[in-house]
Amino acid sequence: MTSPPTDPADLPTDRAADHARDPSPDHAADLPTDRAAVPAGGTTAALAAGPTAGRPAGGVTTALVAGPTAGRPALATGPGREDERLRRWRLVLGGGEADGTGRALTGTDAAMDGALTALYGRGSQGGERTGRDRSAGLGASAPSVARWLGDIRTYFPGSVVQVMQRDAIERLGLATLLLEPEMLEAVEADVHLVGTLLSLHKAMPETTRETARAVVRKVVDDLERRLAARTRATLTGALDRSARISRPRHRDIDWDRTIRANLRNYLPEHRTVVPERLVGHGRASRAIRKEVVLCIDQSGSMAASVVYASVFGAVLASMRSIATRLVVFDTAVVDLTDRLDDPVDVLFGTQLGGGTDINRALAHCQAKITRPADTVVVLISDLYEGGIRDEMLKRVAAMKASGVQFVALLALSDEGTPAYDRDHAAALAALGVPAFACTPDLFPEVMAAALEKRPLPVPAT
């Protein structure tokens, strides 16, 4: 038997995850020899090449190898350490003689292995089930899938369950089974599931729609609790700071600006500045101070961005000093501003998929702008334009020339840098509009900078 891999628990925490996801040349020799080569890929990339089909990289593998699973304690020192190490690597590598562990699984471990095999197996020709020949066991049966969903929620933490659900939808074509209420009640709700439901909601039978809305509502409410308070606090501060006054109260003095404005009054002998002119900001009033237009691409690849943007749109609409407009588009344009009091209504008003006509959407937004100098337009799109490219760029240039603050977000999600049209992104940058992906946590800072007309906090690439 080949020597078992180096125990990931012996590695620093960050390296343990890297070891599980991508055994690099630095420690490839620690793996069984027929698994040292690792193919590239996303969440469903195999951990190891060779005769045995490996488990997926990322959350699932990290949970199996780098940390406790199914309520088990972390690795301990002593006689059981070697057995626990073999157990974890057996779960990762999938079984069969070629996995190099020779470890048999029983009880809960066998059930965990079965749940993984059902999703990541490759088909069986009969005989002994090795890692190469494992078969997927979900089939097309809603009851069996519902049982499987219950199993993975029992054996794995929520973040891993979400990864496995997404893989099941993509690999085994289970999207249509989500049209059944009992299936929706079994899934772990997250942003990606909401995107899938939104793409299917036109095909949902009446008996499923209320369940689907309840699932979407759960995710949206959670996002609002997480994002609303910080967004309101950040933007309220930005609105306060944007209202400069020359006779501020003491608590409203902007000391940095005041000192810069009075540097000529520096007295060396006293080592102080005499502030002849105070600079400060007033308190945001209830009157409309700024206007924000969210223009959202609803093509299929933008599903997560649509969910987050709808939640932020509802939060912005709840602030009395900001007038918020929300527009979604593909080749058609739909204004959902009248639904902003409920982001779930906004989401079910979208139609994920279809083509893209950014120019047409921006034309609609431009026609609604009445106070250009006090308006921020946020275009959320991967910039794959199906309309008239030159007209789109001319429209952006015209809005900027009129005083509009224009922000282009390639994505509003936690998924990393998306695929996008680099030529269009470069053309926007030439107009002074940097295009960048933005995480939900960064969005309040981006909006605050735009409201104050200061440089955007563009993430480093």
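Before reading further, recall that the structure is shown in the block above.
Residues numbered from 1 in each chain as written. Predicted model: local features only at pLDDT ≥ 70, side-chain atom pairs only at ≥ 80, totals over all residues. Heavy atoms only, no water.

Asks: What am I meant to see in the overall build of the chain here?
Replies: Broken down by element type, the chain carries 16 helices and 10 strands. Burial statistics for the chain: of 461 residues in total, 49% are counted as buried. Looking at the chain alone, contacts between residues at least 24 apart form 70% of all its contacts between residues at least 6 apart. (Helix = DSSP H or I, 4+ residues; strand = E, 2+ residues; numbered from the N terminus. Buried < 20%, exposed > 50% of the residue type's maximum accessible area, 1.4 Å probe, protein only. Contact = heavy atoms within 4.5 Å.)

Asks: Mind showing me how you'd approach the sheet that holds strand β8 (residues 375-380) here?
Replies: Whether parallel or antiparallel, the strands of a sheet pair through hydrogen bonds between backbone atoms. Across the sheet, which stays open at both edges, the 6 strands sit in the order β7-β6-β5-β8-β9-β10 with mixed pairing between neighbours. Whereas interior strands pair on both sides, the edge strands pair on one side only; in this sheet they are β7 (333-335) and β10 (435-438). Taking the axes of each pair of neighbouring strands and ignoring which way they run, one obtains an average angle of 25° across the sheet. Of the strand pairs in this sheet, strand β5 (residues 290-297) and strand β6 (residues 322-329) are connected by 8 bridges, and their pairing is parallel. (Pairing = 2+ DSSP bridges. Axes fitted to C-alpha atoms, helices over the stretch in contact; angles between N-to-C directions.)

Asks: Sorry, what's going on with helix α15 (residues 422-430) here?
Replies: For the α-helix, the turn length of 3.6 residues means that residues three or four positions removed from each other point alike. Buried within α15 are the following residues: His 424, Ala 425, Ala 427 and Leu 428. Down the axis of α15, the sector holding all buried residues measures 160°, keeping them to one side. Opposite the buried face of α15, by more than 90 degrees, sit the exposed residues Arg 422, Asp 423 and Ala 430. The inward-facing, buried residues of α15 contact α14 (389-401), β9 (405-412) and β10. One side-chain oxygen at the N-terminal end of α15 lies 3.0 Å from the backbone nitrogen of Asp 423; it belongs to Asp 421. Backbone geometry just downstream of α15 places Gly 432 in the positive-phi region, at approximately 85°. (Arc of directions from axis to C-beta. Polar contact = N/O pair within 3.5 Å; in protein donor to acceptor, adjacent residues only side chain to side chain.)

Asks: Even after reading the chapter, I still don't get the packing of helix α13 (residues 358-368) against α14, so can you show me in this structure?
Replies: Two measures define how a pair of helices packs: the angle their axes make with one another and the distance between the axes. The contact between α13 and α14 brings their axes to 9 Å, and the two run at 25°. One finds that α13 runs roughly parallel with respect to α14. Helix-helix and strand crossings are classified by hand; for α13 and α14 the assignment is left-handed. Note on element contacts: α14 touches α13 through Glu 391, Met 392, Arg 395, Val 396, Ala 398 and Met 399, opposite Ile 358, Asn 359, Leu 362, Ala 363 and Gln 366. Across the contact of α13 with α14, the residue classes break down as 7 nonpolar, 2 polar and 2 charged. (Parallel < 35°, antiparallel > 145°, perpendicular 65-115°, else oblique. Left-handed = near helix turned anticlockwise from the far one by under 90°. Nonpolar A, V, L, I, M, F, W, Y, C, P; charged D, E, K, R; others polar.)

Asks: Help me understand the environment of Arg 90 in this model?
Replies: Mapped onto the secondary structure, Arg 90 falls in helix α3 (residues 80-93). On the basis of relative accessible area, Arg 90 is assigned to the buried category, the value being 10%.

Asks: What's the story with the layout of surface pockets in this structure? I'm lost.
Replies: Gaps left between atoms are located by rolling a probe of water-molecule size over the structure's atoms. Here the largest pocket defines a volume of roughly 430 Å³. In terms of lining residues, the largest pocket is bounded by 21 residues, among which Gln 162, Arg 166, Asp 190, Val 191 and His 192 are the most central. Counting only elements with at least two residues in the lining of the largest pocket, the list comes to α6 (158-172), α8 (191-200), α9 (206-242) and α11 (303-317). Partitioning the lining of the largest pocket into residue classes produces 8 nonpolar, 5 polar and 8 charged. (1 Å grid on protein atoms, 1.4 Å probe; cavity = no way out; pocket = protein on both sides within 12 Å on 5 of 7 lines; lining within 4 Å. Points joined across faces, edges and corners; volume = space filled by probe spheres on them.)

Asks: Help me understand empty space enclosed by the protein in this model?
Replies: Summed over all chains, the structure comprises 2 cavities of 30 Å³ or more. Here the largest cavity defines a volume of roughly 90 Å³. Lining the largest cavity are 11 residues; nearest its centre among them are Leu 149, Gln 165, Ile 169, Leu 178 and Val 187. Counting residues per element, the ones that place at least two in the lining of the largest cavity are α5 (142-155) and α6. When the residues that make up the lining of the largest cavity are grouped by side-chain class, the tally is 10 nonpolar, 1 polar and no charged. Roughly 30 Å³ of internal volume is contained in the second largest cavity. Looking at the second largest cavity, the residues that line it are Lys 290, Pro 372, Ala 373, Asp 374, Thr 375, Val 376, Gly 403, Gln 405, Ala 450, Leu 451 and Lys 453. Of all the secondary-structure elements, those providing two or more residues to the lining of the second largest cavity are β8 and α16 (443-452). Within the lining of the second largest cavity, the residues separate by chemical class into 5 nonpolar, 3 polar and 3 charged.

Asks: I would appreciate a short explanation of the environment of Leu 116 in the present structure.
Replies: You can see Leu 116 is positioned in helix α4 (residues 107-120). Given a relative accessible area of 0%, Leu 116 falls into the buried group. Spatially, the C-alpha atom of Leu 116 lies 8.7 Å from that of Leu 91, the residues being 25 residues apart in sequence.

Asks: Explain the packing of aromatic side chains to me, please; I cannot follow it from the model alone.
Replies: Any pair of aromatic rings gets described here by the distance separating the centres and the angle formed by the planes. The full count for this structure, using the stated rule, is 1 aromatic pair. The interplanar angle of 40° and the centroid separation of 4.5 Å between the aromatic rings of Phe 312 and Phe 443 together place this pair among those described as tilted. A residue pair is termed long-range when its members are at least 10 positions apart, and Phe 312 in helix α11 and Phe 443 in helix α16 qualify at 131 residues. Accessibility expressed as a relative area gives 2% for Phe 443, which makes it buried. (Phe/Tyr/Trp six-rings, centres within 6.5 Å; stacked < 30°, edge-to-face > 60°.)

Asks: Mind showing me how you'd approach the pattern of salt bridges here?
Replies: Side-chain pairs of opposite charge can arise where the charged atoms are in close proximity. Per the stated rule, a full pass over the model turns up 15 salt bridges. With a closest N to O distance of 3.5 Å, Glu 445 and Arg 230 form a salt bridge. With Glu 445 in helix α16 and Arg 230 in helix α9, this pair connects stretches of sequence that are 215 residues apart. Salt-bridge contacts for Asp 390 lead to Arg 389; the nearest nitrogen and oxygen are separated by 3.6 Å. You can call Arg 389 partly exposed: its relative accessible area is 32%. Among the charged side chains, a network of salt bridges with common partners joins Glu 84, Arg 87, Arg 88 and Asp 109. (Salt bridge = Lys/Arg side-chain N within 4 Å of Asp/Glu carboxyl O.)

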